[in-house]
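If you want the building blocks of each chain, they are given just below.
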Amino acid sequence: RRGGSTACRYRTDRGLTAFAERMDHWMTEQLDVQQMAQRLLAADNILILCHKNPDGDTVGCGSALYYALKALDKNAAVLCSDVIPSRYAFTNPRLFKGEFEPQTVVAVDVAGIQLFGENNGVPQYTRHIDFCIDHHAGNSGYADFTLLDGQAAAAAELLYEVIMAMKVPMTA
């Protein structure tokens, strides 16, 4: 899964340089819920990335993680390449406007780097992803650390467990 046909595709389509640059992204370390919670608790200045053409899972996860981190007095914001559809406006995420220098980058519900998109300044933050919380069995392993459950119906299932492990109180 690390490399395999994906490595061959990068090698032939983008050349050997791009192949070498991407090799480190395929060496993700799998974390469990508790480990992900501990690492997020230790982080600050956290940028949460959603996938392009955002759906309810990525937007909901981005917003929920933002509010959980905010409850812990962490500096965080959400960034998406595309405009968040109005039907998800109720989630009211704090959108990143460059007001801090991200120290930690977390992707939610993003199976591969090609899904981040090219707009809104997103590419400058996708060069190095610290954490990924995802439910797609085909996740490409681009982040340093990944919480992945291919049996989960949504990334939100995993994020809920992480937030509970962080001992963040649920609000209405």
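This one's a predicted model, so the numbers in the text were calculated from it and none came from an experiment.

Procedures and definitions
Residues numbered from 1 in each chain as written. Predicted model: local features only at pLDDT ≥ 70, side-chain atom pairs only at ≥ 80, totals over all residues. Heavy atoms only, no water. Helix = DSSP H or I, 4+ residues; strand = E, 2+ residues; numbered from the N terminus. Buried < 20%, exposed > 50% of the residue type's maximum accessible area, 1.4 Å probe, protein only. Contact = heavy atoms within 4.5 Å. Areas by Shrake-Rupley, 256 points an atom, 1.4 Å probe, with all protein chains shown as cover. Pairing = 2+ DSSP bridges. Axes fitted to C-alpha atoms, helices over the stretch in contact; angles between N-to-C directions. 1 Å grid on protein atoms, 1.4 Å probe; cavity = no way out; pocket = protein on both sides within 12 Å on 5 of 7 lines; lining within 4 Å. Points joined across faces, edges and corners; volume = space filled by probe spheres on them. Polar contact = N/O pair within 3.5 Å; in protein donor to acceptor, adjacent residues only side chain to side chain. pLDDT = per-residue confidence, 0-100. Parallel < 35°, antiparallel > 145°, perpendicular 65-115°, else oblique. Disulfide = S-S within 2.5 Å. Arc of directions from axis to C-beta.

Asks: Kindly report on the overall build of the protein chain, identifying the contributing residues and their values.
Replies: Secondary structure assignment for the protein chain yields four helices and six strands. Along the protein chain, from the amino end to the carboxyl end, the secondary structure elements read α-β-α-β-α-β-β-β-β-α. Within the protein chain, the proportion of its 172 residues that are buried is 50%. Considering only contacts within the protein chain whose residues lie at least 6 apart along the sequence, 69% involve residues at least 24 apart. Split by element, the accessible area of the protein chain, about 8800 Å² in all, is 50% carbon and sulfur.

Asks: I'd like a rundown of the sheet that holds strand 2 (residues 46-49), residues and numbers included.
Replies: The strand order 1-6-5-4-2-3 describes an open sheet built from six strands, whose pairing is parallel. Single-partner strands in this sheet number two, and they are strand 1 (29-30) and strand 3 (76-79). Pairing between strand 2 and strand 4 (residues 104-108): four bridges, direction parallel. For I48, the partnering residue across the bridge sits in strand 4 and is V106. Contacting strand 1, strand 2, strand 4, strand 5 (131-134) and strand 6 (145-148), helix 2 (residues 33-42) runs over the sheet at an angle of about 140° to strand 5. Contacts from helix 4 (residues 155-165) reach strand 5 and strand 6, with the element oriented near 120° to strand 5.

Asks: Tell me about the layout of surface pockets, and please be specific about residues and values.
Replies: A volume near 380 Å³ is recorded for the second largest pocket. Looking at the second largest pocket, it is lined by 15 residues, and the ones nearest its centre are A64, Y67, I163, M170 and T171. Put simply, the parts of the chain that give the lining of the second largest pocket at least two residues each are helix 3 (56-71) and helix 4. Take the lining of the second largest pocket: its biggest share by element is six residues, from helix 3.

Asks: Which residues make up the side chain of S63, and what values go with them?
Replies: As for its position among the elements, S63 is in helix 3. In this structure the side chain of S63 is engaged in a polar contact, spanning 3.0 Å, whose partner is the side chain of T91. Among all residues touching S63, those that are not within four sequence positions of it are V78, T91 and P93.

Asks: Give me the lowdown on the confidence of the model for the protein chain, citing residues and values where you can.
Replies: When pLDDT is averaged along the protein chain, the result is 87, and 84% of the positions lie at 70 or above. Contacts from residues 1-25, a stretch scored under 50 in pLDDT, to residues over four places away or in other chains number 27 contacts.

Asks: Talk me through the packing of helix 3 against helix 4; I want residue IDs and the actual numbers.
Replies: Viewed as axis vectors pointing N to C, helix 3 and helix 4 meet at an angle of 10°, and their least axial separation amounts to 9 Å. One way to sum up the angle between helix 3 and helix 4 is to call them roughly parallel. Contact residues: helix 3 offers D57, C61, A64, L65 and A68, while helix 4 offers A155, A156, L159 and I163.

Asks: Please give an account of the state of the cysteines that cites residues and values.
Replies: Under the counting rule described, the total for this entry stands at zero disulfides. Distance from the sulfur of C50, which forms no disulfide, to the nearest cysteine sulfur (C80) is 5.3 Å. Note on C80: relative accessible area 3%, which makes it buried.

Asks: I'd love a proper account of helix 4, names of residues and values included.
Replies: Listed in full, the buried residues belonging to helix 4 are A155, L158, L159, V162, I163 and A165. For helix 4, the buried positions fall inside an angular range of 160° around the axis, keeping them on one side. Contact partners of the buried residues in helix 4: helix 2, helix 3, strand 5 and strand 6. Looking one or two residues past helix 4, K167 carries a phi angle of roughly 60°, positive in sign.

Asks: How would you sum up the environment of M36? Please name residues and give values.
Replies: Tracing the sequence through the fold places M36 in helix 2. Along the primary structure M36 and E161 are separated by 125 residues, whereas in three dimensions their C-alpha atoms are 10.0 Å apart. Those residues within four positions of M36 in sequence are excluded, and the remaining contacts are L31, F131, C132, I133, F145, T146, L147 and V162.

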